Amino acid sequence: DHATVRHEAIHSIQHCVNVARGTAANTSVMDIDTLVEAVNNELPESVVTFVKESYPPEHWAIELEANLLERSATAEEIAELFTEACVGG
């Protein structure tokens, strides 16, 4: 349950960031090169495979980013990112 909440919180952050910068809803917060490197170094291959089999290619970046941060960011870091992106703190 906690992993799901963390994952969905990342999607909320992605939404707020993309609205603020005027980018498409399926654009990752991280630049793509940073995201690719982090995914390759930190996510299990099984997760990458699951995302690629479950979502269309245009959703891979945001889903991989959400999976990555769900596992690597602390609850406090996610809360801080949410506050900065969505509340304006």
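Undergrad: Explain the overall build of the protein chain here, please?
TA: Counting secondary structure elements, the protein chain contains five helices and zero strands. Beginning at the N terminus, the succession of helices and strands in the protein chain can be written as α-α-α-α-α. For 89 residues, the compact-globule estimate of 2.2 N^0.38 gives 12 Å, and the C-alpha radius of gyration of the protein chain, at 12 Å, lies within 12% of that figure. Each principal axis of the C-alpha atoms in the protein chain carries an extent, and together these give about 35 × 30 × 20 Å. Counting all 89 residues of the protein chain, 33% fall into the buried class. The contacts of the protein chain with a sequence gap of at least 6 include a subset with a gap of at least 24, amounting to 73%. Accessible area for the protein chain stands at about 5500 Å²; split by element, carbon and sulfur atoms hold 56% of it. Taking the 4 positively charged and 16 negatively charged side chains of the protein chain as two groups, their mean positions are separated by 2 Å.

Undergrad: Would you take a moment to explain the pattern of salt bridges for this structure?
TA: Inspection of the entire model under this criterion finds one salt bridge. Close ionic contact of R71 with E70 constitutes a salt bridge, the shortest N to O distance being 3.5 Å. Take R71: its relative accessible area is 44%, and that puts it in the partly exposed class.

Undergrad: Sorry, what's going on with a negative patch on the surface here?
TA: A cluster of like negative charges, contributed by E76, E77, E80 and E84, occupies part of the molecular surface. Here E84 is to be found in helix 5 (residues 75-87).

Undergrad: Hey, could you run me through helix 1 (residues 2-21) in this one?
TA: Count 3.6 residues to each turn of an α-helix, and residues three or four apart come out pointing the same way. For helix 1, with 20 residues, the first-to-last C-alpha span of 29 Å sits near the 28 Å given by 1.5 Å per residue. Within two residues after helix 1, G22 carries a phi angle of roughly 75°, on the positive side.

Undergrad: Explain the state of the cysteines here, please?
TA: Two cysteines form a disulfide when their sulfur atoms are joined by a covalent bond. Under the counting rule described, the total for this entry stands at one disulfide. Note that C16 is cross-linked by a disulfide to C86, the S-S spacing being 2.1 Å. On the sign convention where negative means left-handed, the S-S torsion of about 115° between C16 and C86 marks this disulfide as right-handed. Placement of C16 in helix 1 and of C86 in helix 5 is noted, with a sequence separation of 70 residues between them. Here C86 falls in the partly exposed class, since its relative accessible area comes to 26%.

Undergrad: What exactly am I supposed to notice about the confidence of the model for the protein chain here?
TA: If pLDDT is low for a region, its predicted coordinates should not be looked at in detail. Taken as a whole, the protein chain shows an average pLDDT of 95; of its residues, 98% reach a score of 70 or greater. The element-level mean pLDDT for the protein chain is lowest in helix 5, coming to 95, with helix 3 (residues 45-54) highest at 98.

Quick notes on the rules
Residues numbered from 1 in each chain as written. Predicted model: local features only at pLDDT ≥ 70, side-chain atom pairs only at ≥ 80, totals over all residues. Heavy atoms only, no water. Helix = DSSP H or I, 4+ residues; strand = E, 2+ residues; numbered from the N terminus. Rg over C-alpha atoms; globule rule 2.2 N^0.38 Å. Buried < 20%, exposed > 50% of the residue type's maximum accessible area, 1.4 Å probe, protein only. Contact = heavy atoms within 4.5 Å. Areas by Shrake-Rupley, 256 points an atom, 1.4 Å probe, with all protein chains shown as cover. Lys, Arg positive; Asp, Glu negative; His and termini not counted. Charge placed at Lys NZ, Arg CZ, Asp CG, Glu CD. Salt bridge = Lys/Arg side-chain N within 4 Å of Asp/Glu carboxyl O. Patch = residues over 30% accessible without salt bridge, like charges linked within 9 Å, V, L, I, M, F, W, Y side chains within 5 Å. Expected span 1.5 Å × (residues − 1). Disulfide = S-S within 2.5 Å. pLDDT = per-residue confidence, 0-100.

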